[in-house]
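What follows is the residue order along each chain.
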Amino acid sequence: MKSIVVALGGNALGNSPKEQLEAVKGSSKSIADIIETYDKVAVVHGNGPQVGVINLALSLAAKEDSTIPEFPLVECVAMSQGYIGYHLQQAIENELASRNIDKKVATVVTQVEVDPKDPAFENPTKPIGNFYTEEEADAISKKDGYTFKEDAGRGFRRVVPSPKPQRIVELDTVTNHLENDGVVVTGGGGGIPVLNENGELKGVDAVIDKDFVASRISSDIGADTLLILTAVDSVYINFGKENQEELREITVSEIKKHIEDNQFHAGSMLPKVEACIKFIEENPEGTAIITSLEKAAYALSGEVGTKIING
Ligand SMILES: Nc1ncnc2c1ncn2[C@@H]1O[C@H](COP(=O)(O)OP(=O)(O)O)[C@@H](O)[C@H]1O
Ligand SMILES: NC(=O)OP(=O)(O)O
């Protein structure tokens, strides 16, 4: 039984409901190709742009109309998980039906336990929502108290705490569905962050990194492969420079040296590389691949992409 966890980045989803519906149609073709090859397929997706917009829209609405309550960030994460899960689930179902593949697709509302003492709560780093100029970001920050940071050369974005995932609360549900010939969309938006207070779960305002959650789920279900799909075909050193060099197959210890050399941006490629390292360290026999959505099938057959292996 071959199993895989596929992590979908922002370009697989688009930025508005209309764009997202179109984008997931394309993404579902790549996912269906994978479903044709793997017995167990779990799909994890991001939510950075979506959760930021949902949170902003609701907070603007609450300011305009006193009958509209404030919606905390954690509820917005849950909304983004449901909304994106709905689009993905429907698109995958449609694609499987067109290929006469009889597999059941389910989106599992996934809570993810985090540590209340995680230092991330004191140091927000996860970019969400729209991009702004520095002047726009300053103005919003003064008005709403949000923290903004420059996001990998692409503009300024609001940042929120991003604690590391400790436990997938609905893991048994995910495993059961996978074992019954199903396809699961889980850990969407990194999962809904919750604290365990003396056995009682309680939501907490944060956005967990979806690549770290994909790594956690991969280990927990004993996946053979963690496949992280983003906008680039491979990971590069000296990225964007004239002497940029593609990394094809690389060991954990070799890629750790590139981390020490600051080769990967903290808000973009670094968490992907770190998520792959964690998966391989926990599953030395496993395979972790970073590539683009379009090249997913080629990367799985070793023709393109960056493969991180034990060593
Ligand atoms: N060393 C690197 N190699 C390849 N891409 C890099 C590197 N450093 C930064 N990037 C950027 O990271 C992006 C992927 O991160 P991001 O856009 O945050 O991912 P996601 O697809 O999850 O939204 C790539 O599209 C690329 O622009
Ligand atoms: N939650 C999360 O990691 O979302 P993005 O991948 O969109 O940043």
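Anyway, here's the lowdown on the structure attached to this text. The shown structure was predicted, so the numbers you read here are calculated from the model rather than taken from an experiment.

Points about the side chain of Arg 157
Tracing the backbone through its elements, the reader meets Arg 157 in strand β7 (residues 156-160). Take Arg 157: its relative accessible area is 7%, and that puts it in the buried class. In contact with Arg 157, other than residues within four places in its own chain, are Gly 48, Pro 49, Pro 127, Ile 128, Gly 129, Asn 130, Phe 131, Thr 147, Phe 148, Lys 149 and Asp 151.

Observations regarding the environment of Ser 27
By secondary structure assignment, the location of Ser 27 is in helix α1 (residues 17-37). Ser 27 gets classed as buried once you look at its relative accessible area, which sits at 0%. Sequence separation of Ser 27 and Gly 187 is 160 residues, and the distance between their C-alpha atoms is 17 Å. Excluding its chain neighbours within four sequence positions, the residues that come into contact with Ser 27 are Ala 12 and Leu 293.

Section: the site of ligand 1
Neighbouring ligand 1 are 18 residues, the closest being Arg 154, Lys 210, Thr 230, Tyr 236 and Lys 272. In the environment of ligand 1, an oxygen atom lies 2.6 Å from a nitrogen or oxygen atom belonging to the side chain of Thr 230. A total of 570 Å² of accessible area belongs to ligand 1 in isolation, and the protein chains cover 85% of it. Within the residue set of the shell around ligand 1, elements represented by two or more residues are β13 (235-237) and α8 (269-282).

Some remarks on a negative patch on the surface
Together, Glu 134, Glu 135, Glu 136, Asp 138 and Glu 150 line one region of the surface with negative charge. In terms of residue count, helix α4 (residues 134-144) provides more of the negative patch than any other element does, 4 residues in total. Structurally, the position occupied by Glu 136 is in helix α4. What makes Glu 136 partly exposed here is its relative accessible area of 40%.

Thresholds applied
Residues numbered from 1 in each chain as written. Chains lettered and ligands numbered in written order. Predicted model: local features only at pLDDT ≥ 70, side-chain atom pairs only at ≥ 80, totals over all residues. Heavy atoms only, no water. Helix = DSSP H or I, 4+ residues; strand = E, 2+ residues; numbered from the N terminus. Buried < 20%, exposed > 50% of the residue type's maximum accessible area, 1.4 Å probe, protein only. Contact = heavy atoms within 4.5 Å. Near = heavy atom within 4 Å. Polar contact = N/O pair within 3.5 Å; in protein donor to acceptor, adjacent residues only side chain to side chain. Areas by Shrake-Rupley, 256 points an atom, 1.4 Å probe, with all protein chains shown as cover. Patch = residues over 30% accessible without salt bridge, like charges linked within 9 Å, V, L, I, M, F, W, Y side chains within 5 Å. Salt bridge = Lys/Arg side-chain N within 4 Å of Asp/Glu carboxyl O. Lys, Arg positive; Asp, Glu negative; His and termini not counted. Charge placed at Lys NZ, Arg CZ, Asp CG, Glu CD.

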